[in-house]
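# Examining the three-dimensional arrangement
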Amino acid sequence: MIDGPYFVLTVAGLVGAGLVAGVFCAFSTFVMQALAALPPAQGVAAMKAINVTALRPGFMIVFLGSTLLCVVIAVVTFVLWPDEGAVELLVGSALYLFGCFGVTVLANVPRNNALVTVDAGTAEAAAYWPTYVREWTAWNHVRAVAAAGAVVAYALALA
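What you are looking at is a predicted structure, and each value in this text was computed from that prediction instead of being measured. (Residues numbered from 1 in each chain as written. Predicted model: local features only at pLDDT ≥ 70, side-chain atom pairs only at ≥ 80, totals over all residues. Heavy atoms only, no water.)

## Some details on the overall build of the protein chain
- Secondary structure assignment for the protein chain yields 5 helices and 0 strands.
- For the protein chain, the spread of C-alpha atoms along the three principal axes comes to 60 × 25 × 20 Å.
- Every one of the 159 residues in the protein chain was classed for burial, and the buried ones make up 40%.
- In the protein chain, once contacts between residues fewer than 6 apart in sequence are set aside, the share between residues at least 24 apart is 81%.
- For the protein chain, the accessible area works out to roughly 8,000 Å², and carbon and sulfur atoms hold 76% of it.
- On the protein chain, the mean spot of the 5 positive side-chain charges and the mean spot of the 7 negative ones are 19 Å from each other. (Helix = DSSP H or I, 4+ residues; strand = E, 2+ residues; numbered from the N terminus. Buried < 20%, exposed > 50% of the residue type's maximum accessible area, 1.4 Å probe, protein only. Contact = heavy atoms within 4.5 Å. Areas by Shrake-Rupley, 256 points an atom, 1.4 Å probe, with all protein chains shown as cover. Lys, Arg positive; Asp, Glu negative; His and termini not counted. Charge placed at Lys NZ, Arg CZ, Asp CG, Glu CD.)

## Some remarks on the packing of helix H2 (residues 40–54) against helix H5 (residues 123–158)
- It is the contact of H2 with H5, at a shortest axis distance of 9 Å, that shows an interaxial angle of 55°. Taken together, the axes of H2 and H5 are oblique relative to one another. Seen from above, H2 lies across H5 with left-handed handedness. Facing Pro40, Gly43, Val44, Met47 and Asn51 of H2, the residues of H5 in contact are Ala125, Ala126, Trp129, Tyr132 and Trp136.
- In terms of residue class, the contact of H2 with H5 is built from 8 nonpolar, 2 polar and no charged. (Axes fitted to C-alpha atoms, helices over the stretch in contact; angles between N-to-C directions. Parallel < 35°, antiparallel > 145°, perpendicular 65-115°, else oblique. Left-handed = near helix turned anticlockwise from the far one by under 90°. Nonpolar A, V, L, I, M, F, W, Y, C, P; charged D, E, K, R; others polar.)

## Observations regarding H2
- Counted at 1.5 Å a residue, the expected span for H2 with its 15 residues is 21 Å, and the 21 Å between its end C-alpha atoms agrees.
- Turning to H2, its buried residues number three or more, namely Gly43, Val44, Met47 and Asn51. For H2, the angular spread of buried residues about the axis comes to 95°, placing them on one side.
- Elements in contact with the buried residues of H2: helix H1 (4–37), helix H4 (86–116) and H5. (Expected span 1.5 Å × (residues − 1). Arc of directions from axis to C-beta.)

## Quick word on the nonpolar core
- Val20, Leu89, Tyr96 and Cys100 are the most contacted members of the largest nonpolar core, which has 21 residues in total.
- Going through the elements one at a time, H1, helix H3 (57–80), H4 and H5 are the ones with two or more residues in this core.
- The greatest single-element share of this core, amounting to 7 residues, is contributed by H5.
- Counting 13 residues, the second largest nonpolar core, distinct from the first, contains Val31, Leu35, Val44 and Val133. (Core = buried A, V, L, I, M, F, W, Y, C linked by side-chain atoms within 4.5 Å.)

The following block contains the structure:
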């Protein structure tokens with residue numbers, strides 16, 4: 001069984017990935033649906049406000065801190081290669097790093113950046129909004145599942 005500081009590191013990674021999975025699950029299951037139900041001008045304005053708020057320390061510490069923890073867990077696992085849980089730790093780290101952080105950087109952030117360029121009350125915003133919601137939410141599903149998968153993998157490593 002994993003023990004000592006390595007145990008604490010793994011539990012911290014599990015908790016961080018779980019918190020992020022919860023945020024992304026909430027967005028996928030009801031936040032984006034609620035925003036999509038608004039008139040486009042209101043939906044665009046609300047999502048822009050959410051995107052600004054998400055960049056504040058409350059979420060960024062959890063999101064980027066979990067990313068850092070996953071990197072550390074992967075490196076420590078490669079260096080120490082524990083008798084038990086090594087594969088699960090590497091799978092958990094890969095799921096979070098590629099499926100959660102990577103998808104955020106490569107799929108969700110570019111869509112957020114594109115949304116910033118449209119004025120909420122314009123025809124352009126009204127035309128872009130349904131596409132944004134559909135694509136952003138699809139990629140968010142990937143992030144939610146990847147973060148939840150990391151939680152499961154880390155939990156299996158601890159079992």
